[in-house]
Amino acid sequence: MEFENNSADKLHESFKKQMPIAQLSEKQNYSLHTAYDIQHKLVNHRVAEGNPIIGVKLGFTSKAKMEQMGVNDLIIGQLTKDMFCPNGGSLDIKNFIHPRVEPEVCFLLSKDIEKVLNADEVKKYVSGVAAAIEVIDSRYSNFKFSLEDVVADNCSSAAFVSGKMDTNLPDLKPTPIELRINGEIVSIGNTADILENPWNSLAEATRLAKLHNIPLKKGMYVMAGAATAATFMKKSQEISCHIEGLEPVFFQSIT
Ligand code: OOG
Ligand code: MG
């Protein structure tokens, strides 16, 4: 219990002060179960500060991400209100340690989900699909971690931007996804890189949410995981994500 409390406090303080900490696994081994306990405690700090949970994110749903970070299991993290950036808005790099950006797909839930659903069933619980960008920022030095470490750190969650929701619920069959910085393409992936189809990612979210006691409520966002490896974000950049058939999404990095 003490390890869990202490670690959640340290991770929260690291986020507040933008001061990285040593990986928790350097000092002691701990289970994935304990890692999710730490994540819950960490998220509770943000909720207590007036930032409710407004969504969830999946991590390592693509091979490119697993290879980049050296981790090979799906993870789930929680998105709080302070992480939300409106489409076309701006994010100050001073609020992060070493932020990276990645192109994603975002779903909007139309109903609470309490059970594990497959990719077909889950469509009945969604009101929109959008191109999205996730900003990740590890609270660990050098962005290095074990699977347990990254789960404890709420899966590097830092900020996210969702584009306009397409209420026609496209099937997301293999479609190119691009991340552009100041109009230049910095990475190209495909919807098929996200667990073969991002709808599968949403189905996995229902499984992981149930397993780890994470709420999936009407009105929440679900980020499906990046299609490509992440790119470091610097100041004064316009960062956008483009998925054929969906409206592009963008934000500005400032300081
Ligand atoms: C962990 C988060 C992974 C994704 O989309 O795969 C993730 C990290 O890479 O720091 O958000
Ligand atoms: Mg991500």
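Preceding this paragraph is the structure being described.
Residues numbered from 1 in each chain as written. Chains lettered and ligands numbered in written order. Predicted model: local features only at pLDDT ≥ 70, side-chain atom pairs only at ≥ 80, totals over all residues. Heavy atoms only, no water.

Caption draft 1: Structural context of the environment of Leu11. Counting through the fold element by element, Leu11 comes out in helix H1 (residues 2-17). Linking Leu11 and Leu42, residues 31 residues apart in sequence, is a C-alpha distance of 7.1 Å. In this structure, Leu11 is in contact with Ile21, Leu24, Ile38, Leu42, Arg139, Tyr140, Ala152 and Asp153, ignoring residues within four places of it in sequence. (Helix = DSSP H or I, 4+ residues; strand = E, 2+ residues; numbered from the N terminus. Contact = heavy atoms within 4.5 Å.)

Caption draft 2: Spatial organisation of the nonpolar core. Core analysis: the largest hydrophobic core is formed by 72 residues, its most contacted members being Leu24, Val105, Phe107, Val135, Trp199 and Phe251. With sequence-adjacent residues up to four places away left out, Val135 is seen in contact with Leu91, Phe96, Pro99, Arg100, Val101, Ser156, Ser157, Ala158, Ala159, Met233 and Phe251. (Core = buried A, V, L, I, M, F, W, Y, C linked by side-chain atoms within 4.5 Å. Buried < 20%, exposed > 50% of the residue type's maximum accessible area, 1.4 Å probe, protein only.)

Caption draft 3: Main features of empty space enclosed by the protein. Applying the stated criterion across every chain, the model contains two cavities of 30 Å³ or more. Estimates place the volume of the largest cavity at around 110 Å³. For the lining of the largest cavity, the secondary-structure elements that each account for two or more residues are strand S1 (53-59), helix H3 (63-69), strand S5 (100-109) and strand S6 (126-136). Partitioning the lining of the largest cavity into residue classes produces ten nonpolar, three polar and five charged. Taken as a whole, the second largest cavity holds about 40 Å³ of empty space. Lining the second largest cavity, in full, are Leu11, His12, Phe15, Leu42, Arg46, Arg139, Asp153, Asn154 and Ser157. At the level of elements, H1 and helix H2 (32-48) are the ones that each hand at least two residues to the lining of the second largest cavity. Of all the elements, H1 adds the most residues to the lining of the second largest cavity, at three residues. When the residues that make up the lining of the second largest cavity are grouped by side-chain class, the tally is three nonpolar, three polar and three charged. (1 Å grid on protein atoms, 1.4 Å probe; cavity = no way out; pocket = protein on both sides within 12 Å on 5 of 7 lines; lining within 4 Å. Points joined across faces, edges and corners; volume = space filled by probe spheres on them. Nonpolar A, V, L, I, M, F, W, Y, C, P; charged D, E, K, R; others polar.)

Caption draft 4: Just the coordination of the magnesium ion (ligand 2), in detail. Coordination of the magnesium ion (ligand 2) by the protein comes from Glu102 (OE), Glu104 (OE) and Glu134 (OE), over a distance range of 2.0 to 2.1 Å. Within one chain, the residues serving as donors to the magnesium ion (ligand 2) are arranged as E-x1-E-x29-E. Remark: Glu134 occurs in strand S6 and Glu102 occurs in strand S5; sequence separation between them is 32 residues. Take Glu102 and Glu134: they sit in the same class, and that class is buried. (Donors = N, O, S within 2.8 Å, 3.2 Å for Na, K, Ca; no water.)

Caption draft 5: Molecular detail of the packing of aromatic side chains. Enumeration according to the criterion identifies six aromatic pairs in this entry. Both rings, one in Phe107 and one in Trp199, keep their centres 4.7 Å apart while their planes meet at 50°; by these two values the pair is tilted. Of this pair, Phe107 sits in strand S5 while Trp199 is found in helix H5 (residues 198-211), placing the two residues 92 residues apart along the sequence. Just as Phe107 is buried, Trp199 falls in that class too. Ring-pair connections join several aromatic residues into one group, and the members of that group are Phe84, Phe160 and Tyr221. (Phe/Tyr/Trp six-rings, centres within 6.5 Å; stacked < 30°, edge-to-face > 60°.)

Caption draft 6: Spatial organisation of the layout of surface pockets. The calculated volume of the largest pocket comes to roughly 230 Å³. Elements with a contribution of two residues or more to the lining of the largest pocket: H1, strand S3 (84-85) and strand S7 (157-162). Sorting elements by how many residues they give to the lining of the largest pocket places S7 first, with three residues. Among the residues making up the lining of the largest pocket, the classes are represented as nine nonpolar, four polar and four charged.

Caption draft 7: Fine view of the site of ligand 1. What surrounds ligand 1 is a group of 17 residues, the closest being Lys57, Phe60, Lys65, Glu102 and Ser156. Here an oxygen atom of ligand 1 and a side-chain polar atom of Glu134 are 3.0 Å apart. With respect to ligand 1, the side chain of Ser156 contributes an N or O atom lying 2.7 Å from an oxygen atom. Here ligand 1 loses 100% of its free accessible area of 320 Å² to cover by the protein chains. (Near = heavy atom within 4 Å. Polar contact = N/O pair within 3.5 Å; in protein donor to acceptor, adjacent residues only side chain to side chain. Areas by Shrake-Rupley, 256 points an atom, 1.4 Å probe, with all protein chains shown as cover.)

Caption draft 8: Structural context of H2. Taking 1.5 Å per residue as the helical rise, H2 with its 17 residues ought to reach 24 Å, and the 24 Å between its terminal C-alpha atoms agrees with that figure. Taken residue by residue, H2 has Thr34, Ala35, Tyr36, Ile38, Gln39, Leu42, Val43 and Arg46 as its buried positions. Two residues or fewer past H2, Gly50 is found with a positive phi of approximately 95°. (Expected span 1.5 Å × (residues − 1).)

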